[in-house]
Amino acid sequence: MSAQRTERLLNLVIALRATRRGMRREDLRRAVPQYAASPNEAAFERMFERDKEDLREIGVPIVTLASDVLVDAEDAYRIDAGAYELPPVTFTPAEVAVLGLAAHVWQQAALAVPAARALTKLKAVGAADDPLLAAGAGRDLAGLVDPVVRTVEPAFQPLHDALRLGRVVRFSYRRPGAEPVRRTVEPWRLVLRSGTWYLVGLDLDRDAARVFRLSRIEGAVSTVRGRRAGPVPEESVVLDALHVLSAAEAPARDGAEVRRPAGLRLRPGRGGRLRAMAVRGGHDPGDGEAVELWLRGGPGEPVSGFVVEAVASAGVDVAVLEPDELRDAVRRQWQGVAAAHEGPVPEGSPPPADDEAPGPVVHGAGATERLSRLLAMVPFVLRREGVTLTELAEHFEVPEKQVVKDLELLFVCGTPGHLPDDLIEADWEGGVVRIGNAEPISRPLRLTSEEAVVLLLGLRLLADVPGPHDRAAVTSAADTLSALTSGQQSPLGLIPDPYGPPTHAATVTTALVQHRRLRLRYLSAGRDELAEREVDPYRIVSDAGRHYLEGWCHRAEQVRLFRLDRVVQAEVLDVPAGRGPAAQPHEPRAPGGQVPHGAADTSVVLRLHRGAHWVAEHYAAVPVVRAGHDAPAPEGALDVRLRVADPERVVRLVLGLGGRAEVLAPGAVRAAVASAAAAALARPAPAGATVGAAGGVPVAGPGGADRHPSG
């Protein structure tokens, strides 16, 4: 059925491309064999209307020529030749390679289809130096860099559709710690920042620009009658509404701020997160002496919640030497944790079984995707003599058998009449492909605005991903694509990472390119320790705004993922990198595009009270689906489920939250949290010690332990 539909669509494109004055419906019914075979007029009308929409969806500009009421003539249709053809454009082999990566960004995401279709259309022109892709180099690059973006929020697709159509939307929105409220919004742009999608638009109920995090939209998104009242503001206005600018755009802070020292004593080999934050001492994993942090503010002022949570999460591994405000605040956190985990699990709490909903399904290539390939394949072959079946299959990334099927379909299509001289000539004798008599489709099809925008955003994302790809090629390819959008504003936006690439990304990239082993000093989030690892690097995986090194860990003797912003030191060794025995790299994209969990991971159910709802968003936790007999969560609380490789990571997370999070299941993790809080409270207070200067001292500019780039 799909092949018949593709054949019908291709015949319709050829007929409308071949006519100058337009074709009426009755002409088209005679000209396209599949229309002539329709059982009745109503069936033909339905088929033709669907086909028009499908062709317009992939960028075929079908124009309706208004009827002449004086002579009772019907509407006629044709394809606008100027709007159909891709403007003259060429790409270097390096640009072709990064374009492939940019399209790859959207695999397993809602925008995968237009991204893949855009890349297919651009393959019609090939590369400037050689019309064939440097397929081997492209595969090598894809093997070293694997970026991916998630669009798993249910609200994304309806909001994206509303943006394209210029429609007003209505939805329920829940701010942290508040009840959901209905909002009516004129959408301006969907913006990606650090792996999180936001909607920026005009809140019509408040007559002001507002920002909405998609993960906080509850229920269905509906469209409201009527279209957007005015044009979408420029990107700078959208950025202002977000109140997030890049470091270069953010205004500098003037003057000096007061800081004071905080002294901690860490157990040998533990407290890795605090060691990484330290401004003095403690950088040796075996160092158990005092370390020092800077706190904002003078004596007696409240301590930043970020610092309190970081210190409290270390539990029995940390002792606060000074100031008293920090010591008291940390003890209050532990007391809150102990109180929350006293006694049995609340009645009706859900069991620790997985109930994650599957990620979005990206449908395989259908008739329109195959048609896009055919409309790219014909001009590609016509531009190059002697292209082989093997080369054509590699270029369009399909099996040779599929290329043969495509060629077989071509030579049964042609201009109206469909006599032998009207049909496309397709021959692949001896493995060399030749195409002729295909003038109506001899030019590549132009990219739609959505296709160009999605590919362009993929390139902009790629610019922030560490790896061996050519960044000059990323920039030049983006410039070429921007010209193809004809100045149209994008419905999608991107806020660059203000911190730039991780510190040791260049060293990791060097090891990848040279196929050398790495020695890392790495901060393990689960064990909260700094440890030395030797790793044979496989590739860099970028997911949800985080960058990971995937490789064979010689300490664990398994494939592991190392988050690059947790690498404290990196050294390239003069040892060839290999693969461990019988090792298979992780497949980095699970449903929804997330870096996958292991089969042995623990499923943990948390109850998050007000002030801790951010945990669900930050760790991509899944709301609990309750059975009918389960007791509901208390008002203002959110029950979520998350999976972790090491339960100790949950213990440390909950220790830092001071009773705002409670482990409901499994019982072993709940008991571990209660035991950790009791042990921390029972640890004797350290003997008095003074670290650094007494009192508060003025320090120029922003900084300090209150805000650590690695989060």
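Residues numbered from 1 in each chain as written. Predicted model: local features only at pLDDT ≥ 70, side-chain atom pairs only at ≥ 80, totals over all residues. Heavy atoms only, no water.

Enquirer: An account of the overall build of the protein is requested, with residue identities and associated values reported.
Expert: Within the protein, the secondary structure is distributed over 22 helices and 25 strands. Counting only residues that meet the buried cut, the protein has 49% of its 711 residues in that class. Surface summary for the protein: the accessible area is close to 32000 Å², and the carbon and sulfur share equals 51%. (Helix = DSSP H or I, 4+ residues; strand = E, 2+ residues; numbered from the N terminus. Buried < 20%, exposed > 50% of the residue type's maximum accessible area, 1.4 Å probe, protein only. Areas by Shrake-Rupley, 256 points an atom, 1.4 Å probe, with all protein chains shown as cover.)

Enquirer: Which residues make up the side chain of Glu662, and what values do they have?
Expert: Following the sequence through the fold, Glu662 ends up in strand β24 (residues 661-665). Its relative accessible area of 9% is what places Glu662 among the buried residues. Apart from the residues within four sequence positions on either side, Glu662 is in contact with Ala340, His341, Pro346, Val605, Leu606, Arg607, His609 and Arg670. (Contact = heavy atoms within 4.5 Å.)

Enquirer: Can you explain the sheet that holds strand β22 (residues 622-623)? Please cite residues and give values.
Expert: Spatially, β22-β23-β21-β24 is the arrangement adopted by the four strands of the open sheet, whose pairing is antiparallel. The open sheet has two edge strands, β22 and β24, and neither has a second partner. Sheet topology places β22 next to strand β23 (residues 638-644); two bridges connect them, and they run antiparallel. Note on β23: the bridge partner recorded for Pro623 is Val640. Sheet strands touched by helix α21 (residues 647-657): β21 (602-608), β23 and β24. Its angle to β21, the strand with the most contacts, is close to 10°. (Pairing = 2+ DSSP bridges. Axes fitted to C-alpha atoms, helices over the stretch in contact; angles between N-to-C directions.)

Enquirer: Give a detailed account of the sheet that holds strand β2 (residues 62-65), specifying residues and quantitative values.
Expert: Across the sheet, which stays open at both edges, the three strands sit in the order β1-β3-β2 with antiparallel pairing between neighbours. Sheet topology places β1 (23-24) and β2 at the edges, where each strand pairs with a single neighbour. Examined bridge by bridge, β2 and strand β3 (residues 76-79) share four bridges and lie antiparallel to one another. Among the inter-strand pairings, Val63 is bridged to a residue of β3, identified as Arg78.

Enquirer: Summarise helix α19 (residues 505-514); cite the residues concerned and give the values.
Expert: When α19 is considered as a whole, its buried residues turn out to be Ala505, Val508, Thr509, Ala511 and Leu512. Looking straight down α19, one finds its buried side chains confined to an arc of 160°; they lie on one side. Just downstream of α19 lies His515, where phi reads positive at about 55°. (Arc of directions from axis to C-beta.)

Enquirer: An account of the packing of aromatic side chains is needed here, citing residue identities and associated values.
Expert: Here the structure, examined in full by the defined rule, presents 12 aromatic pairs. When the centroid spacing of 6.2 Å and the interplanar angle of 90° are considered together, the rings of Tyr35 and Phe48 count as edge-to-face. Of the two residues, Tyr35 is situated in helix α3 (residues 33-36) and Phe48 in helix α4 (residues 41-57); the sequence distance between them amounts to 13 residues. Like Tyr35, the residue Phe48 is buried in the burial classification. The cationic tip of Arg17 hangs over the ring face of Tyr84; the distance from NZ or CZ to the ring centre is 4.1 Å. (Phe/Tyr/Trp six-rings, centres within 6.5 Å; stacked < 30°, edge-to-face > 60°. Lys NZ or Arg CZ within 6 Å of the ring centre and 35° of its normal.)

Enquirer: For the packing of helix α15 (residues 389-396) against helix α16 (residues 400-410), give the residues involved together with the corresponding values.
Expert: One can describe the packing of α15 onto α16 by two numbers: an axis separation of 9 Å at closest approach and a directional angle of 100°. Classified by the interaxial angle, the pair formed by α15 and α16 is roughly perpendicular. For the pair α15 and α16, the contacting residues are Leu389, Thr390, Leu392 and Ala393 in the first and Glu400, Val403, Val404 and Leu407 in the second. (Parallel < 35°, antiparallel > 145°, perpendicular 65-115°, else oblique.)

Enquirer: Tell me about the environment of His395, and name the residues and values.
Expert: Mapping His395 onto the fold places it in helix α15. Each C-alpha atom of the pair His395 and Thr120 lies 9.4 Å from the other, and the pair is 275 residues apart in sequence.

Enquirer: If you had to explain the pairing of strand β6 (residues 181-193) to someone new, which residues and values would you point to?
Expert: Most of β6 sits out of view: 10 of its 13 residues are buried. Inspection of the sheet shows β6 paired to strand β7 (residues 196-203) by eight bridges, in the antiparallel sense. Residue pairing across strands places Val191 opposite Tyr198, the latter belonging to β7. Linkage of β6 to β7, two consecutive antiparallel strands, is achieved through a turn of two residues, within which Ser194 is found at a positive phi near 55°.

Enquirer: Run through helix α17 (residues 449-462), naming residues and quoting values.
Expert: Given a rise of 1.5 Å per residue, 14 residues ought to cover 20 Å, and the 20 Å separating the end C-alpha atoms of α17 matches this to within 8%. For α17, the tally of buried residues reaches 12 of 14 residues, placing the bulk of the element in the interior. Restricting attention to buried positions, one finds in α17 the residues Glu450, Glu451, Ala452, Val453, Val454, Leu455, Leu456, Leu457, Gly458, Leu459, Leu461 and Leu462. (Expected span 1.5 Å × (residues − 1).)

Enquirer: Explain the packing of helix α6 (residues 93-104) against α17 to me, and be specific about the residues and the numbers.
Expert: Remark: α6 packs on α17, axes separated minimally by 8 Å, with the N-to-C direction vectors making an angle of 100°. By the criterion of interaxial angle, the relationship of α6 to α17 is roughly perpendicular. Residues Val98, Leu99, Leu101, Ala102 and Ala103 of α6 form the contact with α17, whose participating residues are Leu455, Gly458, Leu459 and Leu462. Of the residues in the contact of α6 with α17, the class split is eight nonpolar, one polar and no charged. (Nonpolar A, V, L, I, M, F, W, Y, C, P; charged D, E, K, R; others polar.)

Enquirer: I'd love a proper account of the pattern of salt bridges, names of residues and values included.
Expert: Applying the stated rule across the entire model yields 40 salt bridges. For Arg206, the salt bridge identified is with Asp203, shortest N-O distance 3.1 Å. In this structure Arg206 comes out as partly exposed when scored by relative accessible area, which is 36%. Each of Arg517, Arg519, Glu532, Glu534, Asp536 and Glu571 takes part in a single network of salt bridges with overlapping partners. (Salt bridge = Lys/Arg side-chain N within 4 Å of Asp/Glu carboxyl O.)

Enquirer: Which residues make up unusual backbone geometry, and what values go with them?
Expert: The linkage connecting Glu322 with the following residue, Pro323, adopts the cis geometry, with an omega of 0°. By secondary structure assignment, the location of Pro323 is in the loop between β12 (318-322) and α13 (324-340). Across the junction of Ala665 and Pro666, the peptide omega takes the value -5°, indicating a cis bond. Not every positive phi belongs to a glycine, and Asn437 is a case in point at roughly 55°.

Enquirer: Could you give an account of the environment of Ala665, with specific residues and numbers?
Expert: Structurally, the position occupied by Ala665 is in strand β24. It is 8.2 Å that separates the C-alpha atoms of Ala665 and Ser603, two residues lying 62 residues apart in sequence.

Enquirer: Report on the nonpolar core, specifying residues and quantitative values.
Expert: Core analysis: the biggest nonpolar cluster contains 70 residues, and Trp106 and Trp197 have the highest contact counts within it. Per-element accounting of this core gives the leading share, nine residues, to α17. Among residues more than four places away in sequence, those in contact with Trp106 are Leu111, Ala112, Ala115, Val149, Thr151, Trp197, Val454, Leu457, Gly458 and Leu461. (Core = buried A, V, L, I, M, F, W, Y, C linked by side-chain atoms within 4.5 Å.)

Enquirer: Go over the environment of Ala674, please, and point to the residues and values.
Expert: Within the element layout of this structure, Ala674 appears in helix α22 (residues 667-682). Along the primary structure Ala674 and His341 are separated by 333 residues, whereas in three dimensions their C-alpha atoms are 5.7 Å apart.

Enquirer: Tell me what's going on with the confidence of the model for the protein, and back it up with residues and numbers.
Expert: When pLDDT is averaged across the protein, the result is 79; 77% of the residues are at 70 or more. Low pLDDT (under 50) marks residues 133-139, which in the prediction has four contacts with non-local residues, meaning those over four places away or in another chain. Low pLDDT, under 50, characterises residues 244-255; the stretch is placed with 12 contacts to residues that sit more than four places away or in other chains. (pLDDT = per-residue confidence, 0-100.)

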